[in-house]
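The residues making up each chain are set out below.
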Amino acid sequence: MDLGNLASLKHFIPEMILVAGVLAIVLIDLAVRDKSRLGALALIAAAASLLAIGLEPALSGAWLFHRMLVFDSFAIYFRTLIALAAVVAIWMSIGSKEVKSCDQGEYYAILLASTFAMFLMAESANLLMAYLALEFVSLTSYILTGFLRHNRRSLEAALKYLIYGGVASGTMIYGMSWIFGITGSLDFSVINKALSTPGHLPVLAVFIALVLILTGMGYKVASVPFHMWAPDVYTGAPIPITTFLAIGSKAAGFALLTRFFFPAISHLAAGGSWTALAGVDWPQLLLFVCIITMTLGNLAALQQTNMKRLLAYSSIAQAGYALMGFVVLSNDGIRAMLFYLFAYYVMDAGAFMVVMIVANSTGREDVDAYRGLAWRGGIVPAVALTIFLFSLTGIPLTVGFIGKFYLLAAAIRGQFYILAIVGILNSVVSLYYYLKPIRLMFFEQPRGDEGTVRFEAWNYSLMGVLACATIVFGVYWSPIISFANRSLSFFTGPA
Amino acid sequence: MGGGITLNDFLVLSLIIFSLGLVTVLTRRNAIGILMGVELILNSANINYLAFAYYGGGKYDGQIFAIFVIMLAAAEAVIGLAVVLAIYQNFKTIDVDAAETLRG
């Protein structure tokens, strides 16, 4: 179905709610003197949009706005994930000390706008739309990263993000222009038809174009070699924004990456196996990217002393794990990747939540601030952080274990044995640095200069929910995997 | 088609500009210089779009893409300069090496 502008609005309600939220916040910000309620308004908008995604009419798939966006079950999965990420980020912002001093109206308006842009990224069906959405996400992220205007680290992070982002997206559109020249179209399904028509395809040019495009998309998911911005940006940005970038922006990047590399340029055979373009061996290239991403992320995390930086390198490694599902080029792999992104959302958001609780009370983000945390009033966050870090390592009875299990199973079924072995070895390496804070929290006595951790009902409640989710979905994961299963269909138009 | 200029000439030109942009970004230490390098990269892509659209004939996809790129380049420059200004107020320099505190 190819819907026009007005007919598309029916399937665009979650996005419209977000836009209405942005406008409402901007207007109310001008009119009211007391800005403390704006966060609650943003939270309501994000939650309403999440609800609207859940209530969306069942539809096998359609093009919206004259083939600019695509509405299918794959988009629903990622929009759910991104809306959940926005809810967590806004919840954290309300409970964060760092963000209190900022201009509340602008902050929440930009945060919601960024969520809207990520939705568009997950839905784009056209290279122009993909670029606009990606750049929209980037521009809002630069502002949010540098939001602490008098904090040197925050500004430096924004500048680095901006420079890396500008180069990456510029390189990406240069690559896209080659695809446009080769196929004569910007539309994903037309590109697919043009590329799969047998004939003299300039194989080398297509391959180079894909590498260039991978620069822009790989930068969004922070895969090697486009990961350099991540540690600095994650360290410098306010903690709620770090969380939003780590879970939301990464999910949106994976959505676009999957939508471009699977339905747009690969061929789906009956039975759910994909084949890459003949002569264009991008899966092999991504195999190396994936292996290096997880290994480098884990090795660099070993020597970190700042908790945000440690989690930044860990999130690079986690992106590498999720890429495993991408490389194996099968529906099994995509399903495992979808599930892993959900697992990553739960555990990483939780870990950053604990970092924020500690930073709120002590003003510190280094690993030493966690010394004896359990014995100075922080037994609950200490236990929660232990759960999240165990899950990030992939220890059984947590959702992270199930996620890794699916990924490794997909890799082994696809006969990518090297990938599976590297994945397991990396989990072992990561155990070392994930255990370090746990050992500090429980087995060392506080020195006395760390300060106590106060009880904050607002932050503790979300931390509790995330910790429970990590355990519950580690034991009873069938709802998520069946949701991921339902989300495997891409709408590519009438055959 | 005027004067024997072919599609290839445009592609070579855009490749040269793209490379110059990359070199600028990699070698400049001045934040504004780096932003200018990014601008070169974006414009090299624009040349490609226009050339492909002109020689491909038919639809206006390429021209539209180029217009959007110009617009977004302006938006990016606005945010970029705002960040650079804030950096200057805090660090009293816009040299990216001097403004480096995050490492490791």
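Every value quoted in this text rests on a predicted model; they were computed, and no experiment measured them.

S.K.: Can you explain the overall build of chain B? Please cite residues and give values.
M.R.: When its secondary structure is counted, chain B shows 3 helices and 0 strands. When its helices and strands are written in sequence order, chain B yields α-α-α. In terms of overall dimensions, chain B has a C-alpha envelope of 55 × 25 × 25 Å along the principal axes. For chain B, with 104 residues in total, the buried portion stands at 33%.

S.K.: An account of the overall build of chain A is requested, with residue identities and associated values reported.
M.R.: When helices and strands are counted, chain A shows 20 helices and 4 strands. Taken along the three principal axes of its C-alpha coordinates, chain A extends 75 × 55 × 40 Å. The buried share among the 495 residues of chain A stands at 62%. The contacts in chain A between residues at least 6 apart in sequence include a share of 80% that link residues at least 24 apart.

S.K.: Just give me the short version of helix α16 (residues 379-393) of chain A, but keep the residues and values in it.
M.R.: All names here are of chain A. Look at α16: 21 Å from first C-alpha to last across 15 residues, which is about the 21 Å you get at 1.5 Å a residue. Across the 15 residues that make up α16, a large majority, 11, are buried. Looking only at α16, the buried set comprises Pro381, Ala382, Ala384, Leu385, Ile387, Phe388, Leu389, Phe390, Ser391, Leu392 and Thr393. The first or second residue beyond α16 is Gly394, which carries a positive phi of 100 degrees.

S.K.: Help me get a handle on the interface of chain A and chain B, residues and values and all.
M.R.: Taken together, the 34 residues of chain A in the interface contact 36 residues of chain B. Broken down by secondary-structure element, the contributors of at least two residues to the side of chain A that touches chain B are α7 (127-145), α8 (152-183) and α11 (229-236) of chain A. Each residue belonging to the side of chain A that touches chain B can be placed in one class, and the counts come to 16 nonpolar, 11 polar and 7 charged.

S.K.: So what's going on with helix α3 (residues 38-54) of chain A? Residues and values would help.
M.R.: Residue and element names in this part refer to chain A. Compared with the 24 Å implied by 1.5 Å per residue over 17 residues, the 25 Å span of α3 between its first and last C-alpha is a close match. What α3 keeps buried is the set Leu38, Gly39, Ala42, Leu43, Ala45, Ala46, Ser49 and Ile53. Seen along its axis, α3 keeps its buried residues to an arc of 160 degrees; they face one direction. Opposite the packed face of α3, turned more than 90 degrees from it, sit the exposed residues Ala40 and Gly54. If you follow the buried residues of α3, they end up packed against α2 (13-31), α4 (73-95) and α6 (104-123).

S.K.: Got a sec to walk through unusual backbone geometry? Specific residues and values, please.
M.R.: Residue and element names in this part refer to chain A. A cis geometry characterises the amide bond from Val224 onward to Pro225, with omega recorded as 0 degrees. Topologically, Pro225 is positioned in the loop between α10 (203-221) and α11. Even without being a glycine, Ala222 presents a positive backbone phi close to 60 degrees.

S.K.: Pulling in residues and values, what's your account of the packing of helix α13 (residues 282-301) of chain A against helix α18 (residues 417-443) of chain A?
M.R.: All names here are of chain A. Between α13 and α18, the shortest axis-to-axis distance is 9 Å and the interhelical angle comes to 15 degrees. What the angle tells us is that α13 and α18 run roughly parallel. In this structure, the crossing between α13 and α18 has a hand that is left-handed. Here Leu287, Cys290, Ile291, Met294, Thr295, Asn298 and Ala301 of α13 come into contact with α18, specifically with Leu419, Val422, Gly423, Asn426, Val429, Ser430 and Tyr433.

S.K.: Explain the confidence of the model for chain B to me, and be specific about the residues and the numbers.
M.R.: Residue and element names in this part refer to chain B. The predicted model of chain B averages 90 in pLDDT, with 92% of residues at 70 or higher. Ranking the elements of chain B by mean pLDDT puts helix α3 (residues 61-91) last, at 93, and helix α1 (residues 7-27) first, at 95. On the interface metric, ipTM, the complex scores 0.94, and its pTM is 0.95.

S.K.: Account for the environment of Lys308 of chain A, naming residues and giving values.
M.R.: Residue and element names in this part refer to chain A. The residue Lys308 is located in helix α14 (residues 307-327) in this model. Residue classification places Lys308 among the buried positions, given that 23 C-beta atoms sit within 10 Å. In this structure the C-alpha to C-alpha distance between Lys308 and Phe226, which are 82 residues apart in sequence, comes to 19 Å.

S.K.: Which residues make up the packing of α1 of chain B against helix α2 (residues 31-56) of chain B, and what values do they have?
M.R.: All names here are of chain B. Across the interface, α1 lies against α2 with an axial gap of 7 Å and an inter-helix angle of 165 degrees. Looking at the two axes, α1 sits roughly antiparallel to α2. In terms of crossing hand, the pair formed by α1 and α2 is left-handed. Taken together, the residues of the contact of α1 with α2 break down into 17 nonpolar, 8 polar and no charged.

S.K.: If you had to explain the environment of Ala276 of chain A to someone new, which residues and values would you point to?
M.R.: Residue and element names in this part refer to chain A. Locating Ala276 in the fold gives a position in the loop between β4 (274-275) and α13. Given 18 C-beta atoms within 10 Å, Ala276 falls into the partly exposed group. Each C-alpha atom of the pair Ala276 and Arg371 lies 50 Å from the other, and the pair is 95 residues apart in sequence. Excluding its chain neighbours within four sequence positions, the residues that come into contact with Ala276 are Ser266, Asp281, Trp282, Pro283 and Leu329.

Thresholds, definitions, all that
- Residues numbered from 1 in each chain as written.
- Chains lettered and ligands numbered in written order.
- Predicted model: local features only at pLDDT ≥ 70, side-chain atom pairs only at ≥ 80, totals over all residues.
- Helix = DSSP H or I, 4+ residues; strand = E, 2+ residues; numbered from the N terminus.
- Buried ≥ 20, exposed ≤ 12 C-beta atoms within 10 Å, placed from the backbone.
- Contact = placed C-beta atoms within 7 Å.
- Expected span 1.5 Å × (residues − 1).
- Nonpolar A, V, L, I, M, F, W, Y, C, P; charged D, E, K, R; others polar.
- Arc of directions from axis to C-beta.
- Axes fitted to C-alpha atoms, helices over the stretch in contact; angles between N-to-C directions.
- Parallel < 35°, antiparallel > 145°, perpendicular 65-115°, else oblique.
- Left-handed = near helix turned anticlockwise from the far one by under 90°.
- pLDDT = per-residue confidence, 0-100.

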